[in-house]
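# Structural characterization, general
Listed below are the residues making up each chain.
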Amino acid sequence: MTTVIVTGGAGYIGSHAAKLLEKAGYNPVVYDDLSTGHEWAVKWGPLEIGSIGDSERLVGVMERYKPDAVFHFAAQCLVGESMQKPLSYYNKNVGETITLLQAMKQARCHKLIFSSSCATFGEPEVDLITEDTIQQPINPYGRSKLMIETILADAEKEFPLNSVILRYFNAAGGDPEAAIGEAHDPETHIIPIILQCALGTRDKVNIYGDDYLTPDGTCIRDYIHVTDLAEAHLLALKWLEAGKGSEHFNLGGGNGYSVYDVIEACRKITGHLIPTQICPRREGDPSKLIASVAKAKKSLCWSPKMSDISTIVADAWRWAQKSSA
Ligand code: UDP
């Protein structure tokens, strides 16, 4: 059975990928330091607790399991926080990923699926962001992910690494069976925050700016269902297994929703009022990010099946209710 190390596999997206890996007949091994991930989210494959910055531990785990590939999710991933703690972001996302690459080289593991981000694009003046759109990140989080994209290309000259870079737009929703879902502490993402209002554990949603140059003044994002995202990782792995070589893909639902659109969708699904308050802009937030997913559709034969906003919110709501019960 083919083994895949899933760094950050106790986290939100990583745990969904571990589920699909096992369902597809792979052997996922979750490698996570549980700093933001959860032991309860590791339901598919063993959990090896460790940091990607711990070279000795990583090499030991790789020697034991002899993985064919690594799915690398472990990262710090909050735009706002990265503005406050850039060094921590560069240390974790860049420095520790280099440690992971060195461990892969030592263990002769040559396939990597890397979690990059639409934040690498910054604030592009295009309607749809393609893989060729110029990457000019405007916050340390985006810069840290772009640095790794560059490092991966260079690392191929040092050992026979093949990588698929997946640039996520806004991962959202939850497992359709509600076995796992989004659980950050503190929560900063818009959909779980809105749902906390519906659950009564938060009194209002702060809208970070209504003076953007968008139709309703709030930021527009492209939300992608976490299961669609996880599915793309499997297809990316098959891509590498077929010997097709390193590539990069944008992954979104292909549609833009403003903060107001998302709040409205949540009102419909939950039946709750969801009080809001306009606040100043959040530093580092671009006004509009929407993916062109044509390349992933064509090359990976992938399509976002569950990424319409009502399915995303319905699955997130099911999970929010279950996890708060
Ligand atoms: N947002 C907001 N209020 C919140 C959280 C987020 O208005 O409490 C906005 C945020 O400014 C952004 C969008 O919702 O425009 C999505 O933010 P999120 O943090 O979910 O994801 P990001 O796009 O930062 O990765």
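In case you missed it, the structure is sitting above this.
Residues numbered from 1 in each chain as written. Predicted model: local features only at pLDDT ≥ 70, side-chain atom pairs only at ≥ 80, totals over all residues. Heavy atoms only, no water.

## Examining helix 10 (residues 309-324)
As a reminder of what qualifies: Helix and strand assignments follow DSSP, with helices taken as H or I runs no shorter than four residues and strands as E runs no shorter than two, numbered in order from the N terminus. By this rule the span expected of a helix is its residue count minus one, scaled by 1.5 Å. The buried label goes to any residue with under 20% of its type's maximum accessible area, the exposed label to any with over 50%, and the partly exposed label to all in between, with areas taken from a 1.4 Å probe on protein chains only. The contact definition used throughout considers only heavy atoms, calling two residues in contact when any of these lie within 4.5 Å.
The terminal C-alpha atoms of helix 10, which comprises 16 residues, lie 22 Å apart, in line with the 22 Å expected from a rise of 1.5 Å per residue. Turning to helix 10, its buried residues number three or more, namely I309, I312, V313, D315, A316, W317, W319 and A320. In this structure, the buried side of helix 10 is in contact with strand 7 (170-172), helix 6 (190-199), strand 10 (223-225), strand 12 (257-258) and helix 8 (259-270).

## Details of the packing of aromatic side chains
Between two aromatic rings, the relevant description is the distance of the centres plus the angle of the planes. Heads up, the condition is: Two rings from Phe, Tyr or Trp (for Trp, the six-membered ring) form a pair when their centres sit within 6.5 Å of each other. Planes less than 30 degrees apart are called stacked, planes more than 60 degrees apart edge-to-face, and all others tilted. Placement of a charge over a ring requires the Lys NZ or Arg CZ to be within 6 Å of the ring centre, with the centre-to-atom vector within 35 degrees of the ring normal.
Overall, the coordinates contain four aromatic pairs when judged by the stated rule. Where F71 meets F73, the ring centres are 6.3 Å apart and the plane angle is 70 degrees; that geometry is what we call edge-to-face. An identical accessibility class is assigned to F71 and F73; each is buried. With 6.4 Å between their ring centres and 90 degrees between their planes, Y89 and Y141 make a pair best called edge-to-face. Taken together, the residues span a long stretch of sequence, with Y89 in helix 4 (residues 86-106) and Y141 in helix 5 (residues 140-155) at a distance of 52 residues. According to the relative accessible area criterion, Y89 is buried, its value standing at 0%. Against the face of Y212 rests R281, its NZ or CZ located 3.9 Å from the ring centre. Over the aromatic face of F249 sits the side chain of K295, whose NZ or CZ is 5.2 Å from the ring centroid.

## Considering the nonpolar core
Nonpolar side chains tend to gather and get buried jointly when the protein is soluble and globular. Selection rule: Nonpolar core, defined: a set of buried Ala, Val, Leu, Ile, Met, Phe, Trp, Tyr and Cys residues in which side-chain atoms within 4.5 Å join the residues together.
Counting residues in hydrophobic clusters, the biggest one holds 38 residues, and the most contacted among them are V4, L21, F71, V164, L166, L251 and W302. When contributions to this core are tallied by element, the ones reaching two or more residues are strand 1 (3-7), helix 1 (12-23), strand 4 (69-72), strand 6 (162-168), helix 7 (226-241), strand 11 (247-251) and helix 9 (294-300). Sorting elements by how many residues they give to this core places helix 7 first, with ten residues. Counting 26 residues, the second largest nonpolar core, distinct from the first, contains I193, Y212, V259 and W317.

## Focus on the side chain of D285
Our working rule: Here a polar contact is recorded for every N or O atom pair within 3.5 Å, except that within protein the pair must consist of a potential hydrogen donor and a potential acceptor, and residues adjacent in sequence are included only if both atoms are side-chain atoms.
Relative to the helices and strands, D285 is located in the loop between strand 13 (276-279) and helix 9. Relative accessible area serves as the criterion here: at 12%, D285 is assigned to the buried category. At a separation of 3.2 Å, a polar atom in the side chain of D285 contacts the side chain of R282. With residues near it in sequence (within four places) discarded, D285 still touches V79, E123, I138, Y212 and R221.

## Some words on the site of the ligand
Here is the rule we go by: Note on definitions. A residue lies near a molecule or strand when any single heavy atom of the residue is within 4 Å of it. Each accessible area value is a Shrake-Rupley result obtained with a 1.4 Å probe; residue values ignore everything except the protein chains displayed when judging cover.
Surrounding the ligand, one finds 14 residues, the nearest of these being I190, N206, R221, R282 and D285. Measuring from an oxygen atom of the ligand, one finds a backbone N or O atom of I190 at 2.9 Å. Between R221 and the ligand, the recorded distance is 2.8 Å, taken from a side-chain N or O atom to an oxygen atom. When the ligand is considered free in solution it has 510 Å² of accessible area, and contact with the protein chains removes 91% of it. Looking at the shell around the ligand, the elements with two or more residues in it are helix 6 and strand 8 (205-208). For the shell around the ligand, the leading source of residues is strand 8, giving three residues.

## So, the pairing of strand 5 (residues 111-117)
Applicable threshold: The rule for pairing is simple: two strands pair if DSSP sees at least two bridges between them.
Of all seven residues in strand 5, seven are buried, a share of seventy percent or more. Residue alternation in strand 5 divides its side chains into two sets, K111, I113, S115 and S117 and L112, F114 and S116, and both sets are buried. Relative to strand 5, strand 4 is paired through four bridges, and the arrangement is parallel. Within strand 5, the position partnered with A69 by the bridge is K111. In terms of strand pairing, strand 5 meets strand 6 through seven bridges, oriented parallel. Considered in strand 6, the bridge of S117 is made with Y168.

## Comments concerning the side chain of H72
Inspection of the secondary structure assignment puts H72 in strand 4. A distance of 2.7 Å separates polar atoms of two side chains, one belonging to H72 and the other to T7. The residues contacting H72, other than those within four sequence positions of it, are T7, I52, T97, L100, L112, I113, F114 and S115.

## Digging into unusual backbone geometry
Trans is the prevailing form of peptide bonds, just as negative phi is the prevailing case for residues other than glycine. A cis amide bond links D185 with the next residue in sequence, P186, at an omega value of 0 degrees. Despite not being glycine, L34 shows a phi value in the positive range, around 60 degrees. Topologically, L34 is positioned in the loop between strand 2 (27-32) and strand 3 (47-49). With a phi angle near 55 degrees, A178 is a residue other than glycine that sits in the positive phi range. Among the structural elements, A178 can be located in the loop between strand 7 and helix 6.

## Notes on the packing of helix 4 against helix 5
Using the following cut-off: Lines are fitted to the C-alpha atoms to define the axes, a helix being fitted only along its stretch in contact, and any angle between axes, read from their N-to-C directions, falls within 0 to 180 degrees. Every angle not falling under 35 degrees, over 145, or within 65 to 115 is termed oblique; those three ranges are roughly parallel, roughly antiparallel and roughly perpendicular. Here is the rule for handedness: rotate from the far helix to the near one, and if that takes an anticlockwise turn smaller than a right angle the crossing is left-handed, while a clockwise turn gives right-handed. Charged residues are taken to be Asp, Glu, Lys and Arg, nonpolar residues to be Ala, Val, Leu, Ile, Met, Phe, Trp, Tyr, Cys and Pro, and polar residues to be all remaining types, Gly included.
Packing of helix 4 against helix 5 leaves a shortest axis separation of 9 Å and a crossing angle of 20 degrees. The orientation of helix 4 with respect to helix 5, classified from their angle, is roughly parallel. Considering the relative orientation of helix 4 and helix 5, their crossing is right-handed. On the side of helix 4, the interface is formed by P86, Y89, Y90, N93, V94, T97, I98 and L101, while helix 5 contributes P140, Y141, R143, S144, K145, M147, I148, I151 and L152. The residue inventory of the contact of helix 4 with helix 5, partitioned by class, reads twelve nonpolar, three polar and two charged.

Nothing here speaks to function; it is geometry throughout.
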